[in-house]
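Each chain is listed here by its residues.
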Amino acid sequence: MNAHEPKRDDLYIDAAYDMIVVSNRLPVDYEQGPDGETGWKSSPGGLVTALEPVMRAADGAWIGWAGVADREFDPFEYDGINIIPVPLSATELEDYYEGFSNDTLWPLYHDVIAPPSFHREWWDAYVRVNRRFAEAAARAASDGAVVWVQDYQLQLVPRMLREKRPDLVIGFFNHIPFPAYGIYSQLPWRRQVIDGLLGADVIGFQRAADAGNFTRAVRRLFGYATRGSVIDVPGPDGNVRHVVARQFPISIDAAGFEEIARRPEVQARAHEIRESLGNPKTIMLGVDRLDYTKGIRHRLKAFGELLRDGRLSVEDVTLVQVASPSRERVETYRQLRDEIELMVGRLNGDHSTLGHQAIAYLHHGYPREEMVALYLAADVMLVTALRDGMNLVAKEFVACSFDDDGVLVLSEFTGASDELRQAILVNPHDIDGLKDAMVEAARMPRKERARRMRALRKRVRENDVAKWSATFLKTLTGAGIIASGVPEGLETAILRIADTDRLLVALDFDGTLAPLVDRPQDARATKRARAAIERLAALDDTRVAIVSGRALESLREVADPPQGALLSGSHGVELQLDAGGVTIDLRDAELAALEHLTAILEEVASGAEGAWVEWKPAGLALHTRKVVAETAAELQRVARERVESEIPELTVRTGKGVLEFSVRPSDKGEALTRLRQHAGASAVVYVGDDVTDEDAFAALENEDLGVKVGQGRSLAANRVRSPDDVADLLERLADAREVTRGGPSRWP
Ligand code: GDG
């Protein structure tokens, strides 16, 4: 990939990036200082830390809103990350962000703790803004790029993006819970939202329970088949896409937090905080965005009752509550602030003494170092959320407790409680239970605290945010991000194999030598790849083979193979070796099966406009690409079922908009083995992009070199990104082979 050489010159005018993150907010904020000076300031959050290394390695771009309404900014680079700002008007901010995102989806997805508001004009704005984000991503993504969409504000982006750019690999991660169907189904646009998400290849959730709620909603609303975390989503071409929906619990930069906690100045600050509170025996701490999901009122109520009942005393215990300002233009949040501040005022009035304050309430945001000093100063961390996707505060407290001291009281309704089992787990609605837990935490013996904290810290260290993003991306791409060009390791392998005695270079055609196109008859190898295989075919002790699923006749037409090239068509059923002709002698039983198959498929195809049957030497293919999605899926299902019950010995293969049956089982692996024998090769290079090429990769031996083109799981040990990179690879191979074979024999 290269930001400076746009690959798509017509529709997609921006630079082309291989890796794109799309989130409502950018990792940088546009800020205006008190004297009117303006500039960009990074807003370091967990997500930025997690994705920074990936973004840098892939020369990625981040698409999002800059934090100020009614302003347009050009793309720019900030600290090694390419930033692409998306504008929002003040009205869109009200309707899409404060309205639909934060006053409809947020309360709905958090189990209607607050009542969600449904307004059609908010929904319209949500659709409009999601489209804008999708368009920005469609413009910025290179061929086959990975686009990772973040969170509930952008749930329609995956589908919108797939419609514009079916070549992309699209991931989505939902940072907040996904509710049970009984609640989700209240949403008037429940089908549209799920359909939007199903445009992704992988949909990530915080907890297994969220993923389960999602797949159940898919089944209820769409009836799609699901197996474990895989959902079969019929596409417009009749093809079924396998969408993965499962949990990827997010985490924090644990080492980063611990590093800050170990700084002497931060520890000194923690000490100072304790002093300023009058060195109480126990400091309890709450750190939350001021949000009704966080259970701040429940926590205050429990604490107040403990003081009232005399089970805790202000001489011994102080509660520090940081409530960072949040969503202050949404009415529910304004009310919540009033309620909480009223409660804090009352409790302090009732219980504080001149020397001891019951609650230190701080409605501020703080720098990260100060947050860490607070975690260090605290003995007991109170996380009492009524519903929370994960809750990173709990993990941060654990990561900072490097002395293995400190007690975490953690709500069962947080995602974190799935992992942090050694915390004191509470149901925050059960005020008596919560009070008992707080007392237990304050009195827990040192040994018990250490035992629990050690286990918690191990968990958080081993599952940090880098692991989270790596796991997600690996599920999404099968291999992480593929850079363009020929990687160093592959270069070395090419030099090594070029030295072999007798080399066979076997290449898939569509998607490998030739970019994929809409009409199969239009596919052509790239000029550079074609020239490179010509050079290779002309060399001594070097054979080129083209190995395809196409029937041989069609392969000859489009591939224009160099003289002397070996060919394999119909997944290895047809071979053209040096003797020339290809013969497939079908046995009687095979001919009978073929006849039966023809009857079934013709009958099925006659049931829908645009479906057709292609005859192959030893099989038939049912093409459904031109048939509307649901009908195509139905046709394929009927064809498959009838063939499987009536002629069960046939082999079935699913391709893009096509279902293939053959009477003689063969695959590219068998083809490759025969080609290897025929050429008497001492080593083989095999390059392919399709699932059917996996059989060939499986047939490779130690000395051989397998190269997978593009994303997706593969047995090949090497990868390149696109047919352009295959051309690069073949040029290098030809260069190296010409050196060992004394130059091209055809051009003396
Ligand atoms: C959503 C989901 C999920 C808070 N105040 C200050 C400050 N913070 C930092 C904390 C923590 C982060 O903000 C808050 O993260 P949480 O996970 O606790 O909660 P949400 O903001 O609701 O986040 C949540 C999360 O997304 C990630 O997927 O876990 O469930 O609701 O990192 O430390 N940081 C600084 N000053 C503050 O005043 N520097």
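This is a predicted model, so every value here is computed, not measured.

Considering unusual backbone geometry
Within the chain, Val-112 stands out as a residue other than glycine whose phi angle is a positive 45 degrees. With respect to the helices and strands, Val-112 occurs in the loop between helix H2 (90-109) and helix H3 (120-140). Judged by relative accessible area, Val-112 falls into the partly exposed class, the value being 30%. In this structure, Asn-279 is a non-glycine residue whose phi angle is positive, near 45 degrees. You can call Asn-279 partly exposed: its relative accessible area is 45%.

Regarding the site of the ligand
Taken together, 21 residues lie around the ligand, and His-175, Tyr-366, Asp-388, Leu-392 and Glu-396 are the ones closest in. Side-chain polar atom of Gln-206 to an oxygen atom of the ligand: 3.1 Å apart, as the coordinates give it. For the ligand, the protein covers 79% of the area, taking 720 Å² as the surface of the free molecule. Every element with two or more residues in the shell around the ligand is listed here: helix H12 (368-377) and helix H13 (392-400). Tallied by class, residues from the shell around the ligand come to nine nonpolar, seven polar and five charged. When residues are assigned to domains, the shell around the ligand turns out to be shared by domain 1 (17-247) and domain 2 (254-466), each giving three or more.

Quick word on empty space enclosed by the protein
Considering all chains together, one arrives at two cavities of 30 Å³ or more under this definition. By volume, the largest cavity amounts to about 70 Å³. Lining the largest cavity are Ser-570, His-571, Val-573, Lys-616, Ala-618, Gly-619, Leu-620, Arg-653, Glu-660, Phe-661 and Ser-662. At three residues, the largest contribution of residues to the lining of the largest cavity is made by strand S26 (residues 658-662). Inspection of the lining of the largest cavity shows a minimum of three residues originating in each of domain 3 (483-583 + 667-740) and domain 4 (588-662). In this model, the second largest cavity occupies a volume close to 40 Å³. Lining the second largest cavity are Gly-406, Val-407, Leu-408, Gln-422, Ala-423, Ile-424, Arg-452, Met-453 and Leu-456.

Digging into the sheet that holds strand S1 (residues 17-25)
Strand order in the open sheet formed by ten strands is S5-S6-S4-S1-S7-S8-S9-S12-S11-S10, with mixed pairing between adjacent strands. The open sheet has two edge strands, strand S5 (76-78) and strand S10 (226-227), and neither has a second partner. Two elements, strand S9 (residues 202-205) and strand S12 (residues 240-247), share four bridges in a ladder whose sense is parallel. Looking across to S12, one finds that Ile-203 is bridged to Ala-245. The sheet contacts of helix H4 (residues 157-164) involve strand S7 (141-150), strand S8 (169-173), strand S11 (230-234) and S12, and relative to S8 the element is tilted by about 175 degrees.

Focus: the packing of helix H8 (residues 254-262) against H13
One way to put it is that H8 packs onto H13 with a least axis distance of 8 Å and a crossing angle of 55 degrees. Taken as axis vectors, H8 and H13 run oblique relative to one another. By crossing handedness, the relation of H8 to H13 is classed as right-handed. For the pair H8 and H13, the contacting residues are Ala-254, Phe-257, Glu-258 and Ala-261 in the first and Glu-396, Ala-399 and Cys-400 in the second. Of the residues that constitute the contact of H8 with H13, the class distribution is five nonpolar, no polar and two charged.

Comments concerning the domain arrangement of the protein
It is common to report an interface's size as the accessible area lost on association of the parts. Domains assigned within the protein are domain 1 (17-247), domain 2 (254-466), domain 3 (483-583 + 667-740) and domain 4 (588-662). Computed over C-alpha atoms only, the centres of domain 1 and domain 2 are separated by 30 Å. Facing the 21 residues of domain 1 at the interface are 22 residues of domain 2. Summed over both sides, the interface of domain 1 with domain 2 buries roughly 1,700 Å², with 54% coming from carbon and sulfur. For domain 1, the biggest contributors to the area lost against domain 2 are Trp-106, Ile-113 and Arg-207; these three give 37% of the whole. Across the domain 1-domain 2 interface, the total number found is eight residue pairs in polar contact (both at pLDDT 80 or more). For the side of domain 1 that touches domain 2, the secondary structure elements donating two or more residues are helix H1 (46-58) and H2. Tallying contributions element by element places H2 first for the side of domain 1 that touches domain 2, with seven residues. Partitioning the side of domain 1 that touches domain 2 into residue classes produces ten nonpolar, six polar and five charged.

Observations regarding the nonpolar core
The nonpolar side chains of soluble globular proteins are, as a tendency, buried together. Grouped together as the largest cluster of nonpolar side chains are 104 residues, with contacts concentrated most on Ile-63, Ile-194, Leu-198, Ile-203 and Phe-214. At twelve residues, the largest contribution of residues to this core is made by H3. Counting residues domain by domain, this core receives three or more from each of domain 1 (17-247) and domain 2 (254-466). In this structure, Leu-47, Val-202, Phe-248 and Ala-261 belong to the second largest nonpolar core, which totals 69 residues.

Topic: the packing of H12 against H13
Direction vectors running N to C along H12 and H13 enclose 70 degrees, while the axes themselves pass 9 Å from each other. Between H12 and H13, the interaxial angle falls into the category roughly perpendicular. Facing H12, whose interface residues are Val-372, Tyr-375 and Leu-376, H13 presents Val-393, Glu-396, Phe-397 and Cys-400. The class makeup of the residues in the contact of H12 with H13 is six nonpolar, no polar and one charged.

Some remarks on the confidence of the model for the protein
With 94% of its residues at a pLDDT of 70 or more, the protein shows a mean pLDDT of 90. The model gives residues 1-14 a pLDDT under 50, and that stretch makes 29 contacts with residues more than four places away or in other chains.

Reading the values: rules and limits
Residues numbered from 1 in each chain as written. Predicted model: local features only at pLDDT ≥ 70, side-chain atom pairs only at ≥ 80, totals over all residues. Heavy atoms only, no water. Helix = DSSP H or I, 4+ residues; strand = E, 2+ residues; numbered from the N terminus. Buried < 20%, exposed > 50% of the residue type's maximum accessible area, 1.4 Å probe, protein only. Near = heavy atom within 4 Å. Polar contact = N/O pair within 3.5 Å; in protein donor to acceptor, adjacent residues only side chain to side chain. Areas by Shrake-Rupley, 256 points an atom, 1.4 Å probe, with all protein chains shown as cover. Nonpolar A, V, L, I, M, F, W, Y, C, P; charged D, E, K, R; others polar. Domains from an automatic or database assignment. 1 Å grid on protein atoms, 1.4 Å probe; cavity = no way out; pocket = protein on both sides within 12 Å on 5 of 7 lines; lining within 4 Å. Points joined across faces, edges and corners; volume = space filled by probe spheres on them. Pairing = 2+ DSSP bridges. Contact = heavy atoms within 4.5 Å. Axes fitted to C-alpha atoms, helices over the stretch in contact; angles between N-to-C directions. Parallel < 35°, antiparallel > 145°, perpendicular 65-115°, else oblique. Left-handed = near helix turned anticlockwise from the far one by under 90°. Buried area = accessible area lost by both parts, 1.4 Å probe. Core = buried A, V, L, I, M, F, W, Y, C linked by side-chain atoms within 4.5 Å. pLDDT = per-residue confidence, 0-100.

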